[in-house]
Amino acid sequence: MSTIGTQIGPSNIRTYKAMIVARIMGIDLASMSSFELGVDNKTPEFLAKYPVGKVPVFEGADGFMLFDSAAISFYLAMQSPDSGRLLGHTNQERAKILQYSFFAESELMSAATKVLHVFFGFIPLVQPTFKTAEDELARFLGALDTLVGEKTFLVGDRMTLADIDVACDLTVIYENYLLAEDRAKYNNLTRYLTDMINQPAFKEVIGEVVYCVKRPEGSPPTRH
Amino acid sequence: MAPIGTLIGPTVNSRNYKARIVAHVLGVDLETTPSFQMGVDNKTPEFLAKYPAGKVPVFEGADGFQLTDSSAIANYVASKSPNSAQLLGETDEERALILQYTFFAESELAPTVAGVLQPLLGVTPFIKPAFQAVEEQHFRFLGVLNTILLDKTFLVGERLTIADIIVTCNLTMSFKLFLTADDRKKYRNVTRYFKTMVNQPAFKAVMGNVELCEKRVQPPAPAKKEKKEKKPAEQPKKAEKKEKPAKVEEEEEAPKPKPKSKLESLPETSMKLDDWKRFYSNNDTKPDAMEWLWKNYDAEGYSFWKVEYKYNDELTKLFMTNNLIGGFFSRLERARKYAFGNLLTLGKDDDNMIWGYFIVRGKEIPEEVTDAADFESFEWTAADHTDPKTRAEIEDCFAWEGPALPRECYDGKTFK
């Protein structure tokens, strides 16, 4: 099978999503061997095609252009004759998968970014704002912990795109932010994520995930 | 056709509009909850058991199917129509582009709209560098949309899709409260697009007329600083339209787990605060609820406090003052179990005050209250409910009307 197109962007959780989908569905997705963030996505040619300037983006072998990691992974899944497996077989499954994907992308990630970007030094630490973001993130993790409960997968009895989206987003939070004592607060969620990252498709794309032992330098102190 | 289910949440809210516009376009019968009380109905144990994130809107199908997230609900409602492809796309490429814009609207655009408006409306503290960063991002995304819309009437293909419905709804609050005429000129393609959309019959039927912002909402006066000199009493009469109280549209949040309170070790009380709250909510305040309170009030287990804002002379628009109360209450979340109160917005635009009364468990102001970020902006004075004048004030305060109020009541909020 010839390649369906190229995913353009650096190697990170956002590119992993489509790569995991491609791996599960047996789709040939090319990737860029080298990509310089902040350079390759700021060229006039890149911005003319993808005005948001964010990565990853997708360029199909047929010229079709798409941005947003979640949208790209949905599109890839659609290309398989077996798409229902990841995208859901019924309207209700499809809706639930969207629900979790929107939650992961808009609530969870927006809160996580506000916290992690302070750790990474991208934005200055402004205390009340940071505290609000931390509280918000904790609340969303708590809600997910409840939702996951005893479940192995978020929707139905098998892995769907919702699991890929949510688990990839959680990975960055677990790698950089949640210490062992924090993880203990989200037992269901931690168990769920650990299951996910040990699935063959995840392992092959992401490799070994190491949960946070020490937060990045310059991190604000933990409040207890 | 029987309704497919109920969209649960406040009806005047751009997140709520999405599914209803979809239903209108596709002729799907969808029930709504016009009497929904934000912060109350989405905080009940029953609600949170079903929808742990505590956010609205949620959807409950006639078949019991439960769904959260405004955009997921809008997609599901569309999928119930035989003509779903009209809004959801005919091809994989259309479907993917629709998702692309939906994710953009939800994960990029919406957080910046909330990030700009919440501090301006007093829901979150206004911190200048944080505000400027999010404002810059908001403009950047508008710039991106402006480029994308240069030669487009609709985002995907040549007709209305759910992407247009979701993007337009997520832009609405910015166009209403933030983007001035100058901004709209700068992002003229976005403005043209937005106006075209909200004038489509389905949008009009659901949202009514959308009035574009005339004057940007200004940040509330900083609370903890030296008082400024009093403004000259003679203020030029503002020609602007009467502003409706702006509702902040971030989906409401669930309470976080509460640490054990010192108040739990107080001696038992004969009055359960929950009983009072329930009686207050379900009966006329005067005379029924107040008679109940005076009959059941346990002066050993509770105390009354008069609460006044310290910086009344810095308040401007009435609706912003009322939002400031809402913001304070949301930061009092930890005290929900131990306190009840009413804070009222009294007066008129550019000349108003916050005034009210609280009942709290115990004889002191508990840590659950003093811990709120803006506690210091309010004066809490112990009140003697046996004093007839104080008692009259409490009664009128809880009723939001009456001769004992220091000024005319514009609006208020109940902390319960």
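Numbers given to residues run from 1 along each chain, matching the order in which its sequence is written. For naming, the first written chain is A and the first written ligand is 1, with later ones following in the order written. Reporting in this predicted model follows two pLDDT cut-offs: at least 70 for local features of residues, and 80 or more for side-chain atom pairs to be given and counted; totals over whole chains, interfaces and linings ignore these cut-offs and use all residues.

Per an unreviewed UniProt entry, the recorded name for chain B is Elongation factor 1-gamma, and the organism is Coemansia guatemalensis.

Selection rule: UniProt positions are given in the numbering used here, feature names are shortened, and annotations may be inferred rather than shown by experiment.
Within an unreviewed UniProt entry, the label attached to chain A reads Glutathione S-transferase, and the organism entered is Coemansia guatemalensis. Its UniProt record gives chain A a comment under Sequence similarities (unreviewed entry), which states: "Belongs to the GST superfamily."

### So, the overall build of chain B
Let me state the cut-off plainly: Secondary structure counts use DSSP, requiring at least four H or I residues in a row for a helix and at least two E residues in a row for a strand, with both numbered from the N terminus. Radius of gyration means the value over C-alpha atoms here, while the globule rule gives 2.2 Å times the residue count to the 0.38 power.
A tally of regular secondary structure across chain B gives 15 helices and nine strands. Its C-alpha radius of gyration of 24 Å places chain B within 12% of the 22 Å reference for a compact globule of 416 residues. Along the first, second and third principal axes, the C-alpha set of chain B runs to 70 × 55 × 35 Å.

### Details of the UniProt feature "domain: GST N-terminal" (unreviewed entry) in chain B
Feature annotation in UniProt places "domain: GST N-terminal" (unreviewed entry) on residues 3-85 of chain B, given in this structure's numbering. Between the end C-alpha atoms of residues 3-85 of chain B there is a gap of 20 Å, over a span that is 36% helix and 17% strand.

### Some thoughts on helix α6 (residues 128-148) of chain B
The criterion, for reference: Helices are assigned an expected span. That span is 1.5 Å times one less than the residue count. In this scheme every C-beta is placed from the backbone, and a residue whose C-beta has 20 or more other C-beta atoms within 10 Å is buried, one with 12 or fewer is exposed, and one in between is partly exposed. Our arc is simply the arc of the directions from the helix axis toward the C-beta atoms. Note that contacts rest on C-beta atoms placed from the backbone: two residues are in contact if these are within 7 Å.
When the terminal C-alpha atoms of α6 of chain B are compared, their 30 Å separation across 21 residues agrees well with the 30 Å that a helix rising 1.5 Å per residue should span. Burial in α6 of chain B covers these residues: Ala130, Phe131, Val134, His138, Phe141, Leu142, Val144 and Leu145 of chain B. Projected down its long axis, α6 of chain B shows its buried positions confined to an angular sector of 155 degrees, all on one face. With respect to the buried face of α6 of chain B, the exposed residues turned more than 90 degrees away are Lys128, Pro129, Gln132 and Glu136 of chain B. Tucked into the core, α6 of chain B has its buried residues touching α6 (127-148) of chain A together with α5 (92-120) and α9 (188-198) of chain B.

### Section: the interface of chain B and chain A
Convention followed: Any residue that is not Ala, Val, Leu, Ile, Met, Phe, Trp, Tyr, Cys, Pro, Asp, Glu, Lys or Arg is counted as polar, Gly included; the first ten are nonpolar and the last four charged.
Each partner contributes residues to the interface: chain B has 38 residues there, and chain A has 37 residues. Of all the secondary structure elements, the ones that give two or more residues to the side of chain B that touches chain A are β4 (66-68), α3 (70-79), α5 and α6 of chain B. Across the side of chain B that touches chain A, the residue classes break down as 22 nonpolar, eight polar and eight charged.

### Quick notes on the sheet that holds strand β1 (residues 5-8) of chain B
All names here are of chain B. Stated precisely, the cut-off is as follows: Strands qualify as paired when DSSP identifies two bridges or more between them. Interaxial angle, 0 to 180 degrees, is taken between N-to-C directions of lines fitted to C-alpha atoms, where a helix line uses only the stretch in contact.
The strand order across the open sheet formed by four strands is β2-β1-β3-β4, and the pairing between neighbours is mixed. At either end of the open sheet lies a strand with only one pairing partner, and these are β2 (30-32) and β4. Between one strand axis and the next, the sheet turns by 25 degrees as a mean value, whatever way the strands run. One ladder, built from four bridges, connects β1 with strand β3 (residues 58-61); its direction is antiparallel. By the bridge assignment for β3, Gly5 is matched with Gly61. Sitting on the sheet, helix α1 (residues 14-26) touches β1 and β2, and the angle it makes with β2 is about 150 degrees.

### Points about the pairing of strand β1 (residues 5-8) of chain A
Residues and elements named next belong to chain A. What counts is decided by this rule: For crossovers, right-handed means that the path from the first strand over the helix to the second runs clockwise, given strands pointing away from the viewer.
Sheet analysis places β1 next to strand β2 (residues 29-31), joined by three bridges and oriented parallel. Residue pairing for β2: Thr6 is matched across the bridge by Ala30. What joins β1 to β2 is helix α1 (residues 13-25), and the crossover it makes is right-handed. By the bridge criterion, four bridges tie β1 to strand β3 (residues 57-60) in an arrangement that is antiparallel.

### Comments concerning the domain arrangement of chain A
Residue and element names in this part refer to chain A. Let me state the cut-off plainly: All domain edges in this entry derive from an automatic or database-based domain assignment.
Along its sequence, chain A is carved into domain 1 (5-85) and domain 2 (89-206). Each of domain 1 and domain 2 has a C-alpha centre, and these two points are 21 Å apart. Contacts between domain 1 and domain 2 engage 13 residues on the former and 15 residues on the latter. Listing elements by their share of the side of domain 1 that touches domain 2, those giving two or more residues are α1 and α3 (69-78). For the side of domain 1 that touches domain 2, the element with the highest residue contribution is α1, accounting for eight residues. Residue composition of the side of domain 1 that touches domain 2, by class: nine nonpolar, two polar and two charged.

### With respect to α9 of chain B
Listed as buried for α9 of chain B are Val190, Thr191, Tyr193, Phe194, Met197 and Val198 of chain B. One face of α9 of chain B carries all of its buried residues, which in axial projection span an arc of 165 degrees.

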